[in-house]
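Architecture and fold: a report
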Amino acid sequence: IPKSALAYSARATNEALGGPGNWVCCLPTHHIAGFQTVARPTLTGHRLFDAGRGTPQEIAACARNLPAAERTYLSLVPTQLTRLLESPAATAARSFAAILVGGAGTPSETLKKGTSLGLNLVTTYGMTETCGGCAYNGAPIGDTHITTGSHGRITITGSVVAHGYLGSEPFAGTFTTNDSGTLHNGIVQITGRLDRAITTGGLTVLPEPIEAELERVAAVGSVVIGIPDTHWGERLVAVTLHPLQSPKKQLKPLLEAVPQEFLTVADLGIEALPLLESGKPNRTLIAELVSKRDQTNH
């Protein structure tokens, strides 16, 4: 990533958020989101504050010591935000001029809860190849231009796009992602990852819309995966935190494809949905646990 792209991203972020300011670092700096919390204040001459691993207590302690007359921004992954909102420390986060939330999809109920507490939450979409977030609340920042193609595949063009991968052809200002989405009045909504597409019974489906409907109709966190199956090609399996009553009946009118099997984390011998360091579900590990359960039962 050239410094010019990072600098442009910082300026575009400042413009989108209402002006430059200090930043709080509580994300791993070897990931782009964490790195940017260090780069942005460095490039604009502002201050960097450390909030450790971003626990509610660490965030609250940081918020209480912020300079009152200066704008300060915080960046979190959805898991950190959820834990913050479940803590009495949540109201202290009102001190931040804005709280960016990205790295994974954030449930709408979580966003509503944060907003109701007076937090200025800004959802972000982006990746390392775009210097981090390049669309805030769905709106592209700076000169970023987003288009969709076959199967909704998202392409991003603009000054935030990185130079390219070592040893490969340069991006030349345009990066074609593996994300699927829709555009409405210039606002992008992410619908899933095309490289996570599951082919079941002749249909190609994305897990994220199913997970979103489970969150909406049953208020439960879930991960939907595809498991090799001689009959279906891939069997859709939904793993949820808690048992559901008649999930197929609830989902059938809403979705083209409904999971053939519903399991809970307890069925897999774990207590919670395993996450990656970024806060995203560890789909590989979940699939391994389901496959291991299948082998044990057969």
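Cut-offs and rules
Residues numbered from 1 in each chain as written. Predicted model: local features only at pLDDT ≥ 70, side-chain atom pairs only at ≥ 80, totals over all residues. Heavy atoms only, no water. Axes fitted to C-alpha atoms, helices over the stretch in contact; angles between N-to-C directions. Helix = DSSP H or I, 4+ residues; strand = E, 2+ residues; numbered from the N terminus. Parallel < 35°, antiparallel > 145°, perpendicular 65-115°, else oblique. Left-handed = near helix turned anticlockwise from the far one by under 90°. Contact = heavy atoms within 4.5 Å. Nonpolar A, V, L, I, M, F, W, Y, C, P; charged D, E, K, R; others polar. Salt bridge = Lys/Arg side-chain N within 4 Å of Asp/Glu carboxyl O. Buried < 20%, exposed > 50% of the residue type's maximum accessible area, 1.4 Å probe, protein only. Pairing = 2+ DSSP bridges. Phe/Tyr/Trp six-rings, centres within 6.5 Å; stacked < 30°, edge-to-face > 60°. Lys NZ or Arg CZ within 6 Å of the ring centre and 35° of its normal.

1. Examining the packing of helix 4 (residues 78–85) against helix 5 (residues 108–116)
The angle between the axes and the distance between the axes are what describe a pair of packed helices. For the pair helix 4 and helix 5, the least separation of the axes is 10 Å and the interaxial angle reads 50 degrees. Judged by the inter-axis angle, helix 4 sits oblique to helix 5. Every pair of crossing elements has a handedness; the one defined by helix 4 and helix 5 is left-handed. Between helix 4 and helix 5, the contacting residues are Leu81, Thr82 and Leu85 on the first element and Thr110, Lys113 and Gly114 on the second. Class assignment of the residues belonging to the contact of helix 4 with helix 5 gives a composition of 2 nonpolar, 3 polar and 1 charged.

2. As for the pattern of salt bridges
For the coordinates displayed, the defined rule picks out 11 salt bridges. Close ionic contact of Asp195 with Arg193 constitutes a salt bridge, the shortest N to O distance being 2.7 Å. With a relative accessible area of 47%, Asp195 lands in the partly exposed category. Of the residues examined, Arg193 reaches a relative accessible area of 24% and is grouped as partly exposed. In this structure, Arg283 engages Glu211 in a salt bridge whose closest nitrogen and oxygen atoms are separated by 2.8 Å. Of this pair, Arg283 sits in helix 8 (residues 283–297) while Glu211 sits in helix 6 (residues 207–218), and the two are 72 residues apart along the sequence.

3. Thoughts on the sheet that holds strand 16 (residues 261–264)
Taken in spatial order, the 3 strands make up an open sheet running 14-15-16, and their pairing is mixed. On the outer flanks of this sheet lie strand 14 (222–229) and strand 16, each paired with one strand and no other. Neighbouring strand axes in the sheet, compared pairwise and without regard to direction, differ in orientation by 30 degrees on average. Sheet topology note: the strand 15 (residues 233–240)/strand 16 ladder contains 4 bridges and is parallel. Considered in strand 16, the bridge of Val237 is made with Glu261. Helix 6 rests against strand 14, strand 15 and strand 16 of the sheet, and its axis sits at about 135 degrees to strand 14. This element, helix 8, spans strand 14, strand 15 and strand 16 of the sheet and lies at about 55 degrees to strand 14.

4. Focus: the pairing of strand 8 (residues 145–148)
Two elements, strand 8 and strand 9 (residues 153–157), share 4 bridges in a ladder whose sense is antiparallel. In the strand pairing of strand 9, His145 is matched with Thr157.

5. Quick word on the packing of aromatic side chains
We describe a pair of aromatic rings using the distance from one ring centre to the other and the angle between the two ring planes. This model, assessed by the stated rule, comprises 3 aromatic pairs. With a centroid separation of 5.0 Å and 40 degrees between ring planes, the pair formed by Trp23 and Tyr73 is classed as tilted. Of this pair, Trp23 sits in strand 1 (residues 22–25) while Tyr73 sits in strand 3 (residues 72–76), placing them 50 residues apart in sequence. Look at Trp23 and you get buried, because its relative accessible area is 1%. In this structure an aromatic cluster arises from ring pairing among Tyr165, Phe171 and Phe175. We note Arg40 situated over the ring of Trp23; from NZ or CZ to the ring centre the distance is 4.7 Å.

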